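# Observations on the three-dimensional arrangement
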Amino acid sequence: MCSPEVMAQVRDTIERDSRRAGMRRRDLFGAAGLAALGALAAPRIAAAAPVSSSGTVVDLTHTLTPDFPVWPGNPQFAMRPVATLGGVGSVDTGSVDTGSLGPANPASGFAVNELTYWEHTGTHLDAPAHKIAGGATAEVLPVADFVAPVVVVDIAARASSDADTVLTVADLRDWERAHGRIPARALVAMHSGWEKRLAVPGGFTNLDAAGVPHAPGFDPDAVDFLVAERDIVGIGVDTLSLDHAGSRDHGAHVACLGAGRYGIEALANLGAIPPVGATVVVGAPKHVAATGGPCRVLALL
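All chains use their own residue numbering, which begins from 1 and follows the written sequence. Per-residue local features are limited, in this predicted model, to residues with pLDDT of at least 70; the limit for side-chain atom pairs, both in listing and counting, is 80 or more; totals at the level of whole chains, interfaces and linings are taken over all residues. As a rule here, side-chain values cover all heavy atoms of the structure and leave hydrogens and water aside.

## A closer look at empty space enclosed by the protein
To find the voids left in a structure, one rolls a probe of water-molecule size over its atoms. Cavities and pockets are found on a 1 Å grid laid over the protein atoms alone: a cavity is a set of points where a 1.4 Å probe fits but cannot escape, a pocket is an open set with protein on both sides within 12 Å along at least five of seven lines, and a lining residue has an atom within 4 Å of such a point. Grid points are joined across faces, edges and corners, and a volume is the space filled by probe spheres set on the points. Counting across every chain of the model gives one cavity of 30 Å³ or more. In this model, the largest cavity occupies a volume close to 50 Å³. Together, W71, P72, F204, T205, P213, A215, P216, T239, L240, S241, D243 and A245 line the largest cavity. Each residue is assigned to one of three groups, with Ala, Val, Leu, Ile, Met, Phe, Trp, Tyr, Cys and Pro labelled nonpolar, Asp, Glu, Lys and Arg labelled charged, and all others, Gly among them, labelled polar. Residues of the lining of the largest cavity, tallied by class, amount to eight nonpolar, three polar and one charged.

In structure tokens form, the structure reads like this:
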């Protein structure tokens, strides 16, 4: 039951806000009762800050370097200077035109690098078109979905002893018992603690003797649940794949991208943000026909 003090506060608030609308006083108490009843009936929803309240910004993006792990068989990120402030880079000055900057030469006064990488490199976004025929490409996804509550589900303890573990519906139910219902239009991120393996050569891709990678991911059933029952905008992982790395049917990709949602792979610093209460901002790629691409991902606390 709501206390008399709570009822009084509800009545006062409704009366004050409705004077301008011309509500009759006898209607106010009915509105107050409905408000109180709604407070009793509503499920506990995990609160998510719509904007940064503490002023803290956490970067969830890995720095992209030629050494950052890629999916087995993909080329590494590469960068070379085509013009430098002090002179030419590693190319012949007569063969490279840097567009509006003119030829690459000491007089240009600008530094320019050439970047070479596949779209799905580093911390990056998967658009539906990455897996689904006719799926939306990154540049046409709703921009409102790139600013969202972020939910972090921690399975790091289990992943430390089982590289092939997956985030399950049971994990989501446990999370909700502790933190409340996952809010609608949230990005749900799996924290497996995998980024610690970056310090060990080969540890992040974790190939076995047959060349098969092993790393945690989402159970497809968990993704189906999040899409159908919690209306999420997408899912994220701190590994190289939304699926566990050894998956052959890529069910988590299909469940997420097939529903028109997006995925983010190779997230960083998930252990530095709370399970709920932060807002994620995804600087998604916007080149034409993008199946995805590197993105800058920030969490506002």
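Once you've had a look at it, read on.
## Comments concerning the environment of D219
Strands are runs of DSSP state E lasting at least 2 residues, helices are runs of H or I lasting at least 4, and numbering of each runs from the N terminus. By the secondary structure assignment, D219 is in the loop between β9 (217-218) and α5 (220-230). Between the C-alpha atom of D219 and that of H250, which follows or precedes it by 31 residues, the distance is 9.8 Å. Contact between two residues is taken to exist if any of their heavy atoms lie within 4.5 Å; hydrogens are not considered. Excluding residues within four positions of it along the chain, D219 makes contact with V166, L167 and T168.

## A look at the side chain of D171
Tracing the backbone shows D171 in helix α4 (residues 169-179). Under the rule applied, a polar contact is a pair of N or O atoms within 3.5 Å (in protein, one hydrogen donor and one hydrogen acceptor; residues adjacent in sequence only if both atoms are side-chain atoms). Within the structure, D171 has its side chain in polar contact with the backbone nitrogen of T168 (distance 2.9 Å). In this structure D171 touches V153, I155, R158 and V166, once residues within four positions along its chain are discounted.

## Points about the packing of α4 against α5
When two helices pack together, their arrangement is given by the angle between their axes and by how far apart the axes lie. Where α4 meets α5, the closest approach of the two axes is 8 Å, and the angle between their N-to-C directions is 50°. Here α4 lies oblique to α5, going by the angle between them. Contacts between α4 and α5 involve V169, L172, R173 and E176 from the first element and D221, A222, F225, L226 and R230 from the second. Counted by class, the contact of α4 with α5 contains five nonpolar, no polar and four charged residues. Only the stretch in contact is used when fitting a helix axis, every axis being a line fitted to C-alpha atoms; angles between N-to-C directions are given from 0 to 180 degrees. Working rule for angles: under 35 degrees goes down as roughly parallel, over 145 as roughly antiparallel, 65 to 115 as roughly perpendicular, anything else as oblique.

## Describing α4
Partly exposed describes any residue whose relative accessible area lies between the buried limit of under 20% and the exposed limit of over 50%, with all areas from a 1.4 Å probe on protein chains only and scaled to the type maximum. Burial in α4 covers these residues: D171, L172, W175 and E176. Each buried residue of α4 sits inside an arc of 135° when the element is viewed along its axis, so together they form one side. Structural note: α4 exposes R177 and A178 on the side pointing more than 90 degrees away from its buried face. For α4, the secondary structure elements touched by its buried residues are β6 (147-154), α3 (156-159), β7 (166-167), β8 (187-191) and α5. By construction, the arc corresponds to the directions joining the helix axis to the C-beta atoms.

## Section: the pattern of salt bridges
By definition, a salt bridge exists where a carboxyl oxygen of Asp or Glu is found within 4 Å of a side-chain nitrogen of Lys or Arg. Scanning the model with the defined rule gives eight salt bridges in all. D59 is the salt-bridge partner of R296, the closest N and O atoms lying 2.8 Å from each other. Here the residue R296 occupies a position in strand β14 (residues 296-300), and D59 occupies one in strand β1 (residues 57-59), the gap between them amounting to 237 residues. Connected through shared salt-bridge partners, D145, R185, D231 and R261 make up one network.

## Description of the layout of surface pockets
In this model, the largest pocket occupies a volume close to 440 Å³. Around the largest pocket, the lining comprises 22 residues; the ones closest to its centre are W71, H130, L240, S241 and H253. Here the lining of the largest pocket is built from residues that sort into six nonpolar, 11 polar and five charged. Roughly 160 Å³ of internal volume is contained in the second largest pocket. As for the second largest pocket, its lining consists of A156, A159, S160, H191, S192, G193, W194, E195, K196 and R197. Its residues assigned to classes, the lining of the second largest pocket comprises three nonpolar, four polar and three charged.

Read these as geometric descriptors, not functional statements.
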